[in-house]
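Here's the letter readout for the chains.
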Amino acid sequence: MSAERNSNEEALERLIVELCAEPAPELDWDRVEARLMREPKSVTRSATSTLASRLRWPAMALAAAAAVFVVTKRPHAPVAVVAPRAAAQVASGALNGDKLALGTHITAGNQSVVVLHQGRARWTLEPHATAFVSNAGEFLTVQLESGALSASVVPNTKPETFAVEAGGTRVAVHGTAFRVERSGDRVLVQVNEGTVAVEPTQTHSDPSFLLRRDSRGNFALDGRSGSVEGNASVVVGDAAPRSHRQIALSQHAPRPAKAVTAPAQAVGATPAVAAQPVAAPAAQSLPLQPSISDIESGVSSAIDLLNGCFRDQTHSAGIRVSASTGMTLSVAGDGTVQSVTFSPPLAPAVEDCAVLGLRTLTFAHSVDGVTFTRLLELTR
Amino acid sequence: MTELTELIERCKAGDGLAFREVFRNHRADVARLVQRMTGRPGDLEDLVQEVFLQVYRSIKDFRGQSRFSTWLYRVTVNVVLMHRRAAKSRPVLQDAPEDGFGKDLRDLPDDQVARSRRVAAFYRLLDRLSDKKRAVFVLHELEGLSPTEVAKVVSAPVLTVRTRLFYARRELLEMLKEEPALEFVARELLAESGAEPLAEREST
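Residues numbered from 1 in each chain as written. Chains lettered and ligands numbered in written order. Predicted model: local features only at pLDDT ≥ 70, side-chain atom pairs only at ≥ 80, totals over all residues.

Caption draft 1: Fine view of the overall build of chain B. If you tally the helices and strands in chain B, you get 10 helices and zero strands. Across chain B, helices and strands are ordered from the amino to the carboxyl terminus as α-α-α-α-α-α-α-α-α-α. Sorting the 204 residues of chain B into buried and exposed places 36% on the buried side. Within chain B, counting contacts between residues at least 6 apart in sequence, those at least 24 apart form 53% of the total. (Helix = DSSP H or I, 4+ residues; strand = E, 2+ residues; numbered from the N terminus. Buried ≥ 20, exposed ≤ 12 C-beta atoms within 10 Å, placed from the backbone. Contact = placed C-beta atoms within 7 Å.)

Encoded structure:
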């Protein structure tokens, strides 16, 4: 009997050990997290009401200060000013960014002010800085009027769901944590986590700067130029999605026949391809398509040409610039380039320059012509 | 201020990023405890989510008088017990899989299949314990909490915890005889010790 009891107890111990050794269950954590980060919003009422009750007196002080500010400074915009005295009280909690009316100005006093957009972003306005939310909804935008702010953003599958604009410079989030400081006519950006894109607010045709983790940049207030340190790069081309365009060249004026054997001299806006005239071969002796060597020599000329355009049409202020694109050329039977497509597209100025150069390029004659694509890495 | 304390303070201020950090740091522990408490894979995800929703709702009540892990254990145990009570009043549409805690056993080696079946059988035994006994047994024997810590989690005197542990073990030992998948464990151990196997003793 005691042997049986002992063995049962041993069996129980063994089962306990086995159960303890079972690995923790693996759930679809991304799904659980996504649901969780959505659902807490439905239970925030009690939390925010508690916070609201704590902030009642500071809020009244804010309202009074706001009223003064509205009268004296900004008659048309809803204004909430965090006065220095009130800031000390507000800083212990976080302002609910989702409840801020668009255009509400926030000015930090001697202490920083935290603004929280539930489940999306948290930004800290550093002492004496002023900012306001200019765009709510899916894509948040904070306008930094003076001083500095740091932001920590929940990663989102959609890019640029959070952006800070300082003057004409837009700093859009591709990652999680960064700091923007508006200092005179400069905008200083430091990236701690993830990636941000810095570009002009008004146009997407200028270069955009990509700053990655542990890099920093110093930009002009219009966002069109700047210098970067660390793991950063400049992307030339449209920052905004733009469908690639097929550029037809056949509509241009008739071109003289050019050979493709000589290297291109891509200088200036209209690079010329050094060429030797060739006589059109008799039709009966033509191959169906140009030979590989004919194609490749033409491609190398096209690449030289494109690199020349890239060098001449981009401005990188002493830093290395690179761009990748797929170039598709359609070559007619008479060896002329009928159309060209860049995907993703290059800056319009670079493309226009390339088109002018490609008009002078001629491949070997063939019956059917050829269409081919090459991936290009352009640097300057 | 420790990193965890800072995270908790930020959670209390409604910081979603801090809450996400807490979730990521503790989700595996919570999932494991829920699994051990319920023994059923079907509700696991919903229960884990419910636990963290409760954490979100009530973290402002956490005053740091106990360790955060102890408080989290208490929230988890309460969520599971509430769920079980609610489940008792609902019709059972589908039982948990018989073998291997929801695993597909077809491609597993024999010893792993046997092991999975033992684990599933043991969960069935745990499921037959009362809620209070199962909670203290899981917390002490499987999670490794001391009786004092268990007492804090279940809000009961330490002596009560020890008593529940004693009876939980005794009931499990009795139930071992009734589970075919577990019986051979005892049989093997008996064979190693030279004693008469259980089944043969019972048949004589």
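Moving on from the coordinates now.
Caption draft 2: Just the confidence of the model for chain B, in detail. All names here are of chain B. Looking at chain B, the pLDDT average stands at 80 and 76% of residues meet or exceed 70. At the low end of the mean pLDDT range in chain B sits helix α10 (residues 198-203), at 42; at the high end sits helix α6 (residues 131-142), at 94. Note on residues 91-107: pLDDT under 50 across the span, and 21 contacts to partners over four residues away in sequence or across chains. Contacts of residues 196-204 to residues separated by more than four positions or lying in other chains number 14 contacts, the stretch itself having pLDDT below 50. Our summary of model confidence lists the complex with pTM equal to 0.41 and ipTM equal to 0.80. (pLDDT = per-residue confidence, 0-100.)

Caption draft 3: Seen up close, the packing of α6 of chain B against helix α7 (residues 147-154) of chain B. Residues and elements named next belong to chain B. Contact pair α6 / α7: the axes reach a minimum separation of 10 Å and the direction vectors enclose 135°. Taken as axis vectors, α6 and α7 run oblique relative to one another. Crossing hand, α6 versus α7: right-handed. Between α6 and α7, the residues in contact are Ala 135, Val 136, Leu 139 and His 140 and Pro 147, Val 150, Val 153 and Val 154, respectively. Broken down by class, the residue content of the contact of α6 with α7 amounts to seven nonpolar, one polar and no charged. (Axes fitted to C-alpha atoms, helices over the stretch in contact; angles between N-to-C directions. Parallel < 35°, antiparallel > 145°, perpendicular 65-115°, else oblique. Left-handed = near helix turned anticlockwise from the far one by under 90°. Nonpolar A, V, L, I, M, F, W, Y, C, P; charged D, E, K, R; others polar.)

Caption draft 4: Seen up close, the pairing of strand β5 (residues 130-135) of chain A. All names here are of chain A. With three bridges joining them, strand β2 (residues 105-107) and β5 adopt antiparallel strand pairing. The partner of Ile 106 across the bridge, within β5, is Ala 131. Where β5 meets strand β6 (residues 140-153), five bridges bridge the pair, whose relative direction is antiparallel. Paired with Phe 132 across the strands is Gln 143, a residue of β6. The antiparallel pairing of β5 with β6 creates a hairpin that spans four residues between the two strands, and Gly 137 there sits at a positive phi of about 80°. (Pairing = 2+ DSSP bridges.)

Caption draft 5: Expanded view of helix α2 (residues 16-38) of chain B. Residue and element names in this part refer to chain B. Helix length check: α2, at 23 residues, gives a terminal C-alpha distance of 29 Å against a target of 33 Å (1.5 Å per residue), a shortfall beyond 12%. A maximum bend of about 55° is found in α2 at His 26. Phi turns positive, to about 70°, at Gly 39, one or two residues after α2. (Expected span 1.5 Å × (residues − 1). Bend = angle between axes of the 7 residues up to and from the residue.)

Caption draft 6: Broad picture of the nonpolar core. Core analysis: the largest hydrophobic core is formed by 53 residues, its most contacted members being Val 34, Val 51, Val 136 and Leu 139 of chain B. Here this core gets 10 residues from one element, more than from any other, and that element is α2 of chain B. Shared between two domains, this core holds at least three residues of each, these being domain 1 (1-97) and domain 2 (106-204) of chain B. The contacts of Val 51 of chain B, once residues within four sequence positions are left out, are Val 30, Val 34, Val 75, Thr 76 and Val 79 of chain B. In this structure, Leu 125, Ala 129, Val 164 and Val 187 of chain A belong to the second largest nonpolar core, which totals 41 residues. (Core = buried A, V, L, I, M, F, W, Y, C linked by C-beta atoms within 7 Å. Domains from an automatic or database assignment.)

Caption draft 7: Region of the structure containing the confidence of the model for chain A. Residues and elements named next belong to chain A. On average, residues of chain A carry a pLDDT of 67, and 63% of them reach 70 or more. Every residue in residues 42-92 is under pLDDT 50, and counting partners more than four places away or in other chains gives 69 contacts. Residue range residues 236-245 is modelled with pLDDT below 50. Its contacts to residues more than four positions away, or to other chains, number 27 contacts.

Caption draft 8: Spatial organisation of unusual backbone geometry. For His 128 of chain A, which is not glycine, the phi dihedral falls at a positive 70°. Looking at the secondary structure, you find His 128 of chain A in the loop between β4 (121-125) and β5. Residues other than glycine seldom take positive phi values, yet Ser 155 of chain B does so here, at roughly 55°. In this fold, Ser 155 of chain B is placed in the loop between α7 and α8 (158-176).

Caption draft 9: Focus on the packing of α7 of chain B against α8 of chain B. All names here are of chain B. For the pair α7 and α8, the least separation of the axes is 8 Å and the interaxial angle reads 105°. Compared by their axis directions, α7 and α8 come out roughly perpendicular. Between α7, through Pro 147, Thr 148, Val 150, Ala 151 and Val 154, and α8, the contact on the second element is made entirely by Val 158, Val 161 and Arg 162. Its residues assigned to classes, the contact of α7 with α8 shows six nonpolar, one polar and one charged.

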